[in-house]
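Remarks on the overall topology
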2 protein chains.
Amino acid sequence: MTDRDFLKRAIDLAHIHAAGENSGPFAAIVVKKNVIIAEAWNQVVANNDPTAHAEIIAIRKACQAQQSYNLEGCTLFSSCEPCPMCLSAIYWARMDGVIYAASKEDAAYGGFDDSLIYDEMEKEWSARKIKSQRMLAKAGRAVFETWRHNPRKIEY
Amino acid sequence: MTDRDFLKRAIDLAHIHAAGENSGPFAAIVVKKNVIIAEAWNQVVANNDPTAHAEIIAIRKACQAQQSYNLEGCTLFSSCEPCPMCLSAIYWARMDGVIYAASKEDAAYGGFDDSLIYDEMEKEWSARKIKSQRMLAKAGRAVFETWRHNPRKIEY
């Protein structure tokens, strides 16, 4: 199968769910060495889970299939450009790359606007829309001292 | 309980896991109307899941407890400043606010450096470190046409 075929598969899945109930118009596939190791679609409404974007679920499933939290050597095929949450997850999973079809402008046309979050990322806390506060800074930092001295820790 | 007490609880949990095995030095709590509705800690290594940050798990648990994908009226207490993935999830969950202790610089001191991801967010795809490609743009956009015409859709 070619990259085009894998992406077509993701789009087909997204299309099915775009027409469904309790669903959303997004799907994603993880491919390793030309084999699909995970397929997923948006389940925010179905699962009452705001983190259940197609890409997040696909990454989680691929990791279970590999029994690893590291997806080096894997590519994500997504029906739509990933939101900041999913893009970050792609980095944390150390994936090789991402191939997508619809743009975030297309997603906005469908009622899903990620641009607020992209904009908020670039700001300082004080300028963000969400209320925030920092306290107990010293106690917070002490946690990492404990971690640094943990002889059994697995660095990830 | 005060905000300080809730944050202290998150730090205590993070401390326990910072000293543990197959664990990570992060914990988070979701509070609604002065009641803890979810507690979580980092389980990336334990669960082979790169998305299993404390905040993500706490949000997912809180949503299950509320049977809703919307956490309006809830505040997240996190032992550490959220990474871009978790910050995005906080926005998607429509939480009221976030209170945290350690900074991302403290996290970097512990070996967890989110700054690459924050930097990557601001760039165009072509300038990002991860390989990317867009194809089948028209087919990708068509998914949102289907969605817009889906009479059973729940907008989320």
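Anything mentioned here points back to the structure above.
Residues numbered from 1 in each chain as written. Chains lettered and ligands numbered in written order. Predicted model: local features only at pLDDT ≥ 70, side-chain atom pairs only at ≥ 80, totals over all residues.

Another point: the sheet that holds strand β2 (residues 35-41) of chain B. Read across the open sheet, the five strands follow the order β5(A)-β4(B)-β3(B)-β1(B)-β2(B); overall the sheet is mixed. Both outer strands of the open sheet, β5 (131-134) of chain A together with β2 of chain B, are each paired with one neighbouring strand and no more. Taken over all neighbouring pairs, the strand axes of this sheet differ in orientation by 15 degrees on average, direction set aside. Looking at chain direction, β5(A) and strand β4 (residues 97-102) of chain B are connected through four bridges and run parallel. Bridged to A:S132 within β4(B) is B:V98. Against the sheet, helix α7 (residues 137-148) of chain A makes contact with β5 of chain A together with β3 (74-80) and β4 of chain B, and its axis sits at roughly 60 degrees relative to β4(B), the strand it touches most. (Pairing = 2+ DSSP bridges. Helix = DSSP H or I, 4+ residues; strand = E, 2+ residues; numbered from the N terminus. Axes fitted to C-alpha atoms, helices over the stretch in contact; angles between N-to-C directions. Contact = placed C-beta atoms within 7 Å.)

Both copies of the chain are related by a screw-like operation: a rotation about an axis and a shift along it. Once chain A is rotated about the relating axis by 180 degrees and shifted along it by 0.0 Å, it coincides with chain B to within an RMSD of 0.0 Å. When the rotation and shift are considered jointly, the pair of chain copies conforms to a two-fold rotation axis. Of every C-alpha in chain A, the one belonging to A:M85 sits nearest the axis of rotation, 2.1 Å from it. In this assembly, 100% of the residues forming the interface of chain A have copies in chain B that are likewise at the interface, indicating an isologous arrangement. (Least-squares fit on C-alpha atoms with pLDDT ≥ 70 in both.)

Moving on, we come to the interface of chain A and chain B. On the side of chain B, 75 residues touch chain A, which itself brings 75 residues to the contact. A total of nine residues in the side of chain A that touches chain B trace back to one element, the largest contributor, which is α7(A). Residue classes in the side of chain A that touches chain B are distributed as 43 nonpolar, 17 polar and 15 charged. (Nonpolar A, V, L, I, M, F, W, Y, C, P; charged D, E, K, R; others polar.)

Residue and element names in this part refer to chain B. Packing of helix α3 (residues 54-66) against helix α4 (residues 84-92) brings their axes to within 8 Å, and their N-to-C directions diverge by 20 degrees. Taken as axis vectors, α3 and α4 run roughly parallel relative to one another. Relative to α4, α3 is oriented so that their crossing is left-handed. Packed against α3, whose contacting residues are E55, I56 and I59, the element α4 presents C86, A89 and I90 at the interface. Residues belonging to the contact of α3 with α4 are distributed by class as follows: five nonpolar, no polar and one charged. (Parallel < 35°, antiparallel > 145°, perpendicular 65-115°, else oblique. Left-handed = near helix turned anticlockwise from the far one by under 90°.)

Put simply, side chains in a regular strand alternate between the two faces of the sheet. Residues and elements named next belong to chain B. Here β4 lies mainly inside the structure; five of its six residues are buried. Both β3 and β4 contribute to a ladder of five bridges, which runs parallel. Across the sheet, the residue bridging to T75 is G97, located in β4. Handedness of the crossover joining β3 and β4 through α4: right-handed. (Buried ≥ 20, exposed ≤ 12 C-beta atoms within 10 Å, placed from the backbone. Right-handed = clockwise from strand over helix to strand, strands pointing away.)

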